[in-house]
Amino acid sequence: MKVVIGSGKGGTGKTLLSTSLALTLEYVRYLDLDVEEPNAHIFIKPDIRERIPFSIPVPEIDFNRCTYCGECAKACEFGAIFVGSNTVNVFEKLCHGCASCKLACPENAISERPYVIGEISIGKRDKIEYIMGYLKLTEALSTPLIRHIKKEYGMVSGDIIMDAPPGTSCPFVQSISDTDFVILITEPTPFGLSDLEISVEIVRDMKLKAGIVINRADLGSKEVKEKISGLGLPVLLEIPFSREIAVGYSKGIPLVDVLPEYREKIKKLWERIREMV
Ligand code: SF4
Ligand code: SF4
């Protein structure tokens, strides 16, 4: 079963829940897809055994062949190539490595070279296989790295837990695509609700099964909680607003170690998801 934990808003408890899920279930593969700021390793504490650079293919121009016709720039949807009267500039940080420019070039003047945008770490803790994506500072395109991790490490049999990036843009959509279930974690505040509504809409558009977990559940107003319940997705679990959890989190202690009774609650949550899938 492939289950991804996402949230519209950052800081709502994605990693708090996903790491405790992994530590409770044990025989799982954990993919940290929050590649701009991966932090699940702080809680899972895997033994990292391998680090693999990740690159995308960016165009390289052969100026002996180039006629500055501009076809490559026209083909690029991302504004990653500029063609002047006697120059061609490639902006690697905008390039998606899609090869459209190469296909469009009538002079066969474009080849590809690897451009490193991040790294993949592979590790283990007991029965948990841990894979983490890390996007280099100054790089902006996380989607190719997320897509690659899911393709290379997310196609095995068994249970896979994925920690999605926050927000509701392309990296989130890429993370939740082709999964069996999406857990949307939120907090019962107007801001949390607003982002949750967008996430629910995306999940529905993509026809994915999903449920909600409310973190800091006793924080918000009754009205907001009623609106969350009214979104039409089951509320699978509520986690209280607790100083103990917050202090534990700040020290890298997982929820299930701070409040061991959550192991049972999380096992039930997983069984419920299995039934729904
Ligand atoms: S399409 Fe090819 S020939 Fe035309 S400007 Fe681009 S690299 Fe040069
Ligand atoms: S590989 Fe794709 S994104 Fe990159 S410059 Fe070429 S057309 Fe643009």
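Treat the numbers as computed from the prediction; the structure is a model and nothing was measured.

Engineer: Would you take a moment to explain the site of ligand 1 for this structure?
Structural biologist: The environment of ligand 1 is made up of 15 residues, and the closest members are C66, C69, E71, C72 and C105. Of the residues belonging to the shell around ligand 1, the class tally is eleven nonpolar, two polar and two charged.

Engineer: Whenever I open this one, the domain arrangement of the protein chain confuses me. Can you help?
Structural biologist: It is common to give the size of an interface as the accessible area that goes away when the parts come together. Domain annotation of the protein chain identifies domain 1 (2-53 + 126-276) and domain 2 (63-108). If you average the C-alpha positions of domain 1 and of domain 2, the two centres end up 39 Å apart.

Engineer: What's the story with the sheet that holds strand 8 (residues 159-163) in this structure? I'm lost.
Structural biologist: Strand-to-strand pairing in sheets goes through backbone hydrogen bonds, with the strands running parallel or antiparallel. Taken in spatial order, the nine strands of this open sheet run 3-6-7-2-8-1-9-10-11, and their pairing is mixed. On the outer flanks of this sheet lie strand 3 (47-61) and strand 11 (235-238), each paired with one strand and no other. Geometrically, the sheet is characterised by an average inter-axis angle of 20° between neighbouring strands, direction not taken into account. Bridge count between strand 6 (residues 110-125) and strand 7 (residues 128-135): eight bridges; the pairing is antiparallel. Among the inter-strand pairings, E119 is bridged to a residue of strand 7, identified as Y134. Contacting strand 1 (2-6), strand 2 (28-32), strand 7, strand 8, strand 9 (181-186) and strand 10 (210-214), helix 1 (residues 14-25) crosses the sheet at an angle of about 160° to strand 8. Strand contacts of helix 5 (residues 143-153): strand 2, strand 3, strand 6 and strand 7, with the helix running at about 160° to strand 7, the strand carrying the most contacts.

Engineer: Could you clarify how one ought to interpret unusual backbone geometry in this entry?
Structural biologist: It is generally the case that most residues other than glycine have a negative phi and that most peptide bonds are trans. Despite not being glycine, Y68 shows a phi value in the positive range, around 60°. Within the secondary structure, Y68 sits in the loop between strand 3 and helix 3 (71-75). Its identity is not glycine, yet K207 carries a phi of approximately 55°, on the positive side. Within the secondary structure, K207 is located in the loop between helix 7 (190-205) and strand 10. Residue classification places K207 among the exposed residues on the basis of 6 C-beta atoms within 10 Å.

Parameters and conventions
- Residues numbered from 1 in each chain as written.
- Chains lettered and ligands numbered in written order.
- Predicted model: local features only at pLDDT ≥ 70, side-chain atom pairs only at ≥ 80, totals over all residues.
- Near = placed C-beta within 6 Å.
- Nonpolar A, V, L, I, M, F, W, Y, C, P; charged D, E, K, R; others polar.
- Domains from an automatic or database assignment.
- Pairing = 2+ DSSP bridges.
- Helix = DSSP H or I, 4+ residues; strand = E, 2+ residues; numbered from the N terminus.
- Axes fitted to C-alpha atoms, helices over the stretch in contact; angles between N-to-C directions.
- Contact = placed C-beta atoms within 7 Å.
- Buried ≥ 20, exposed ≤ 12 C-beta atoms within 10 Å, placed from the backbone.

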